[in-house]
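Listed here are the chains, written in short residue letters.
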Amino acid sequence: MKSSIKRMLAEIEGEVAYTRSLIGKSKLDPRVMAAIGKVSREMFVSPDLKDFAYDNGPLPIGYGQTISQPYIVALMTDLLQLEPDHIVLEVGTGSGYQAAVLSQLVKQVFTIERIPALADASAARLKSLGYSNVQYRTGNGYDGWPEHAPYDAIIVTAAASHVPQALIEQLKSGGRLVIPVGLPYMPQELMLVEKDAQGKTHTRDILGVAFVPLQEETSVNKDG
Ligand code: SAH
């Protein structure tokens with residue numbers, strides 16, 4: 001493994017330990033850390049940002065959007081408690097980095113992005129890097145992706161004003177959904193929603209976060 005990725009993993013471990021009282025654990029699942037260790041984050045940012053690719057921070061990916069902070073990617077992935085036979089939905093493909101991490105851990109990833117240029121670029125990128133168990137769609141993830149539901153896990157990587165009902169409906173019993181909830185550009189709360197065997201949901205606040213907003217309408221301004 002490259003020394004820059006090792007440094008990033010060490011920074012994630014440090015932040016996990018620092019936030020242990022909030023997140024309820026001092027270490028993440030080693031499988032999640034191994035998956036992150038295998039993905040070259042530099043391939044998911046523009047060439048001029050490569051020097052910062054393994055910093056533990058978000059970076060711009062164009063169209064006012066960002067690739068999330070590695071610690072947050074690791075934490076959200078860990079919260080999903082993924083298993084190799086799982087089918088996962090991601091809302092907000094962005095750069096495709098989170099999808100690449102998920103793809104190491106599960107059978108199939110479905111990912112939706114509303115900005116066509118980002119969706120097309122990340123689909124091409126993931127294909128060329130050989131992530132073959134990821135399927136893409138350009139559209140509004142607020143409504144989920146009903147054709148492949150129900151999902152073992154759903155991850156929303158943009159902040160919603162509330163937990164979209166369609167996503168709860170598309171979650172399996174026993175499934176887990178992680179989503180930042182809050183007003184655009186205000187402090188948000190990362191929430192874990194668990195659906196029990198009876199189909200009842202249980203919600204837990206994990207940690208304060210800052211995400212770009214989840215758009216509830218599909219139409220995209222051509223200028224991004
Ligand atoms: N997971 C991404 C981070 C993406 S940032 C990564 O690893 O790089 C959030 C993304 O969500 C943005 O690309 C934004 O365009 C997208 N988004 C916002 N609202 C959406 C919606 N309703 N449906 C699908 N994608 C949405």
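Residues numbered from 1 in each chain as written. Predicted model: local features only at pLDDT ≥ 70, side-chain atom pairs only at ≥ 80, totals over all residues. Heavy atoms only, no water.

Student: I'd like a description of the side chain of Glu 90, backed by residues and values.
Tutor: Checked against the element boundaries, Glu 90 lands in strand β3 (residues 87–91). Buried within the structure, Glu 90 lacks any salt-bridge partner; Arg 125 is the closest side chain of opposite charge, at an N-O distance of 11 Å. Among the polar contacts made by the side chain of Glu 90, one reaches the side chain of Thr 111 at a distance of 2.7 Å. (Helix = DSSP H or I, 4+ residues; strand = E, 2+ residues; numbered from the N terminus. Buried < 20%, exposed > 50% of the residue type's maximum accessible area, 1.4 Å probe, protein only. Lys, Arg positive; Asp, Glu negative; His and termini not counted. Salt bridge = Lys/Arg side-chain N within 4 Å of Asp/Glu carboxyl O. Polar contact = N/O pair within 3.5 Å; in protein donor to acceptor, adjacent residues only side chain to side chain.)

Student: So what's going on with the packing of aromatic side chains? Which residues, and what values?
Tutor: All told, the structure shown has 3 aromatic pairs when counted by the stated rule. Both rings, one in Phe 110 and one in Trp 145, keep their centres 5.2 Å apart while their planes meet at 75°; by these two values the pair is edge-to-face. Linking Phe 110 in strand β4 (residues 108–113) with Trp 145 in the loop between β5 (134–138) and β6 (151–156), this pair joins segments that are 35 residues apart in sequence. Residue classification places Trp 145 among the buried residues on the basis of a relative accessible area of 5%. Feature note: the residues Phe 110, Trp 145 and Tyr 151 constitute an aromatic cluster, connected by ring pairs. Between the NZ or CZ atom of Arg 41 and the centre of the ring of Tyr 97, over which it lies, the distance is 5.6 Å. (Phe/Tyr/Trp six-rings, centres within 6.5 Å; stacked < 30°, edge-to-face > 60°. Lys NZ or Arg CZ within 6 Å of the ring centre and 35° of its normal.)

Student: How would you sum up the layout of surface pockets? Please name residues and give values.
Tutor: What the largest pocket holds in volume is close to 630 Å³. Along the walls of the largest pocket sit 42 residues, with Thr 66, Thr 157, Ala 158, Phe 211 and Val 212 positioned nearest its centre. Mapped onto the lining of the largest pocket, the elements with two or more residues apiece are β2 (65–67), α4 (70–79), β3, α5 (97–103), β4 and β9 (201–209). In terms of residue class, the lining of the largest pocket is made up of 21 nonpolar, 17 polar and 4 charged. (1 Å grid on protein atoms, 1.4 Å probe; cavity = no way out; pocket = protein on both sides within 12 Å on 5 of 7 lines; lining within 4 Å. Points joined across faces, edges and corners; volume = space filled by probe spheres on them. Nonpolar A, V, L, I, M, F, W, Y, C, P; charged D, E, K, R; others polar.)

Student: Pulling in residues and values, what's your account of helix α3 (residues 30–38)?
Tutor: Inspection of α3 places Val 32, Met 33, Ala 35, Ile 36 and Gly 37 among the buried residues, and these make up the whole buried set. Turning to α3, the residues buried within the fold contact α1 (3–18), α4 and α5. Structurally, the start of α3 carries an N-cap: the backbone nitrogen of Arg 31 is 2.8 Å from a side-chain oxygen of Asp 29. (Contact = heavy atoms within 4.5 Å.)

Student: So, α1: which residues are in play, and what are the values?
Tutor: The end-to-end C-alpha distance of α1, which contains 16 residues, comes to 22 Å, matching closely the 22 Å that a straight helix rising 1.5 Å per residue would cover. Listing the buried residues of α1 in full gives Ser 4, Ile 5, Met 8, Leu 9, Ile 12 and Val 16. Buried residues along α1 cover an arc of 140° about the axis, so they all sit on one side. For α1, exposure combined with an orientation more than 90 degrees from the buried face picks out Ser 3, Lys 6 and Tyr 18. Among the structural elements, α2 (20–23), α3, α4 and α5 are those in contact with the buried residues of α1. (Expected span 1.5 Å × (residues − 1). Arc of directions from axis to C-beta.)

Student: Could you give me a rundown of the site of the ligand, with the residues and numbers involved?
Tutor: Taken together, 27 residues sit near the ligand, with Ser 95, Glu 113, Asn 140, Gly 141 and Gln 215 positioned nearest. Asn 140 has a polar side-chain atom sitting 2.7 Å from a nitrogen atom of the ligand. Measuring from a nitrogen atom of the ligand, one finds a side-chain N or O atom of Thr 157 at 3.1 Å. Starting from 580 Å² of accessible surface for the ligand in isolation, the protein chains cover 99%. A majority-of-atoms criterion places the ligand in the largest pocket. Of all the secondary structure elements, the ones that give two or more residues to the shell around the ligand are β2, α5 and β4. Element by element, the count of residues in the shell around the ligand is highest for β2, at 3 residues. (Near = heavy atom within 4 Å. Areas by Shrake-Rupley, 256 points an atom, 1.4 Å probe, with all protein chains shown as cover. Sits in = over half its atoms within 2 Å of the grid points.)

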